[in-house]
Amino acid sequence: MTRLVVAMRDTAARIDTATPARRDRAVDALRAFAVLGVVLGHWLVTALVADGRTLRTASPLQHMPWLAPVSWTFQTLAVFFLVGGHVATRSYASARERGTPYHRWLHARLARLFGPVVAVLGLWTVVTLALLLSDAEYATVRTLVKLALSPMWFLLVFAALTAATPLVARLHPLWPLAVVLHVDVLRFGLGASDGLGWLNLAAGWLVPYTLGAAWTRGELEGRTSGWVLLGGGTAATAALVAWAGYPAAMVGVPGAEVSNLDPPTLAAVTFGLAQCGLALLLRDRLRRAMRRPLAWAAVALVNLSAMTVFLWHQTALMAATAALLPAGPLPGLHTVPDGLGWVAARLPWLAAFALALAVCGAAFRTWERGGGRPLRRVRPSRVVRAHRPTTERAPHV
């Protein structure tokens, strides 16, 4: 045990030493927080309930809506787009300084973004065919495939915003925010078609993305901007939930008439503004915390596997749930999430999901950077270089 601790500290020290002094470690810490927030949020509020031969999704928020504040902690997508906009605009500026054409810059970023997707689609194509040929219930197959592929919407939106980076690099966040506001007024106030809401899929996430671009331009360096975003976003969200009828949950709830995320509503966007303000206020503290070699090594490794974790965490949940079906129904895993007993039973299962995710990571880690090509053994110095987000080798998120 002592040798293991010494080895971990030695590796962490080498990673810390190999990290360029100019690197903003707060960016990596915020990305790691966003990734882990999404994963834990899904694992806590997504239940697969066994109903005979059929598996269906359920959420504790259906039966216990007073747990909605849990979603405020783990719905961290706005931080994804804040960091993504900051990283992409820095990366594009760096590419222009080196004379790299736009199409080469975009190809490199999208290749790193979509390379790992091939493995997910390949596996689930095989799994889907096997389930259908084995006469599995169609409702079960549909539930599993929808859950496995649900992270893909994020990649499509993020890819579109990445492609538009040269156009939106100087766009003020108030412009897309105004679009979201008008869309919601038309939908909820004037009875326009719900289809109009899908305009917010781009406009809603463009708000934190353009905030990231403003961060790159140096417009958000003072603490005043962070406090304005945090205070204004919190007040606006509270008002929308209390008096305008928006759902309190910042995640989708099965069976709910209105979802704050599908597509994004004004409440989801103002909540994201509050998150972005908090993230900006925490930058200095995160920079100090990341001076600790062990903390920095952990964040670096999460970033290095960010796409693997993001794309496979739902598969890990389903694999653990399905593997234990013969022993079920097990509380917190296969049962209806209708009480605090389910919540208490769910928490220990997070370790099982993490173990299943580690197995997925070991099996499909080569797709994170290599597009399926075997990765060479990575020394700590290469770990740092491999996921450099604020220079020319910026990662996808």
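What counts, and where the lines are drawn
- Residues numbered from 1 in each chain as written.
- Predicted model: local features only at pLDDT ≥ 70, side-chain atom pairs only at ≥ 80, totals over all residues.
- Heavy atoms only, no water.
- Helix = DSSP H or I, 4+ residues; strand = E, 2+ residues; numbered from the N terminus.
- Buried < 20%, exposed > 50% of the residue type's maximum accessible area, 1.4 Å probe, protein only.
- Contact = heavy atoms within 4.5 Å.
- Salt bridge = Lys/Arg side-chain N within 4 Å of Asp/Glu carboxyl O.
- Phe/Tyr/Trp six-rings, centres within 6.5 Å; stacked < 30°, edge-to-face > 60°.
- Patch = residues over 30% accessible without salt bridge, like charges linked within 9 Å, V, L, I, M, F, W, Y side chains within 5 Å.
- Areas by Shrake-Rupley, 256 points an atom, 1.4 Å probe, with all protein chains shown as cover.
- Lys, Arg positive; Asp, Glu negative; His and termini not counted.
- Charge placed at Lys NZ, Arg CZ, Asp CG, Glu CD.
- Axes fitted to C-alpha atoms, helices over the stretch in contact; angles between N-to-C directions.
- Parallel < 35°, antiparallel > 145°, perpendicular 65-115°, else oblique.
- Nonpolar A, V, L, I, M, F, W, Y, C, P; charged D, E, K, R; others polar.
- Expected span 1.5 Å × (residues − 1).
- Arc of directions from axis to C-beta.

*Asks:* What am I meant to see in the environment of Ala279 here?
*Replies:* Take Ala279: it is sitting in helix 14 (residues 266-281). We classify Ala279 as buried; its relative accessible area is 4%. Sequence-wise, Ala279 and Gly252 are 27 residues apart; in three dimensions their C-alpha atoms are separated by 23 Å. Non-local contacts of Ala279, meaning those with residues more than four positions away in its chain, are made with Leu30 and Leu82.

*Asks:* Explain the pattern of salt bridges here, please?
*Replies:* Side chains bearing opposite charge may pair, as long as their charged atoms lie close to each other. Evaluation of the coordinates by the stated rule reveals nine salt bridges. Between Asp10 and Arg14 there is a salt bridge, with its nearest N and O atoms 2.2 Å apart. Here Asp10 and its partner Arg14 are both found in helix 1 (residues 2-18), four residues apart, which amounts to about one turn of the helix. Judged by its relative accessible area of 41%, Asp10 falls in the partly exposed class. Relative accessible area serves as the criterion here: at 40%, Arg14 is assigned to the partly exposed category. Arg187 is the partner of Asp194 in a salt bridge, and the nearest nitrogen-oxygen pair spans 4.0 Å.

*Asks:* Can you walk me through unusual backbone geometry in this structure?
*Replies:* With the exception of glycine, most residues fall at negative phi, and the peptide bonds are largely trans. Along the chain, Asp262 connects to Pro263 via a cis peptide bond; the corresponding omega equals 5°. Turning to its location among the elements, Pro263 is positioned in the loop between helix 13 (223-243) and helix 14.

*Asks:* Can you help me understand the packing of aromatic side chains in this one?
*Replies:* How two aromatic rings sit relative to each other is set out by the distance from centre to centre and by the angle between their planes. Under the defined criterion, the tally for this structure stands at 16 aromatic pairs. Ring centres of Phe80 and Phe310 lie 5.7 Å apart, and the angle between their planes is 75°; on these two criteria the pair is classed as edge-to-face. Taken together, the positions of Phe80 in helix 5 (residues 77-98) and Phe310 in helix 17 (residues 306-323) put the pair 230 residues apart, joining distant regions of the chain. Pair check on accessibility: Phe80 and Phe310 agree, each one buried. Ring geometry for Phe81 versus Phe158: centroids 5.8 Å apart, planes at 45°, classification tilted. Here Phe81, found in helix 5, pairs with Phe158, found in helix 9 (residues 152-163); they are 77 residues apart in sequence, far enough to count as distant. For Phe81, a relative accessible area of 0% puts it in the buried group. For Phe158, a relative accessible area of 1% corresponds to the buried category. Site record: aromatic cluster; members linked through ring pairs are Phe80, Phe81, Trp153, Phe154, Phe158, Trp205, Tyr209 and Phe310.

*Asks:* Explain a positive patch on the surface here, please?
*Replies:* The grouping of Arg223, Arg285, Arg288 and Arg291 at the surface amounts to a positive patch. Along the chain, Arg223 falls in helix 13.

*Asks:* I would appreciate a short explanation of the packing of helix 11 (residues 174-189) against helix 14 in the present structure.
*Replies:* When two helices pack together, their arrangement is given by the angle between the helix axes and by the axis-to-axis distance. The N-to-C vectors of helix 11 and helix 14 enclose an angle of 150°; their axes lie 9 Å apart at closest approach. The angle between helix 11 and helix 14 places the two elements in the roughly antiparallel class. In this structure, helix 11 contributes Leu177, Val180, Leu181 and Asp184 to the contact, and helix 14 contributes Leu266, Val269 and Leu273. Grouping the constituent residues of the contact of helix 11 with helix 14 by class yields six nonpolar, no polar and one charged.

*Asks:* Would you mind showing me how to read helix 8 (residues 138-149) here?
*Replies:* In an α-helix, one turn spans 3.6 residues, which is why side chains three or four residues apart end up on the same side. An ideal rise of 1.5 Å per residue puts 16 Å on 12 residues; helix 8 measures up with 16 Å between its terminal C-alpha atoms. Among all positions of helix 8, only Thr140, Val141, Thr143, Leu144, Leu147 and Ala148 are buried. For helix 8, the arc enclosing every buried residue in end-on projection is 165°, short of the 170-degree limit, so these residues lie on one face. The exposed set on the far side of helix 8, more than 90 degrees from its buried face, consists of Tyr138, Arg142 and Lys146. Turning to helix 8, the residues buried within the fold contact strand 1 (47-51), strand 2 (54-58), helix 7 (117-133) and helix 17.

It is worth stressing that arrangement in space is one thing and function is another; only the former is reported here.
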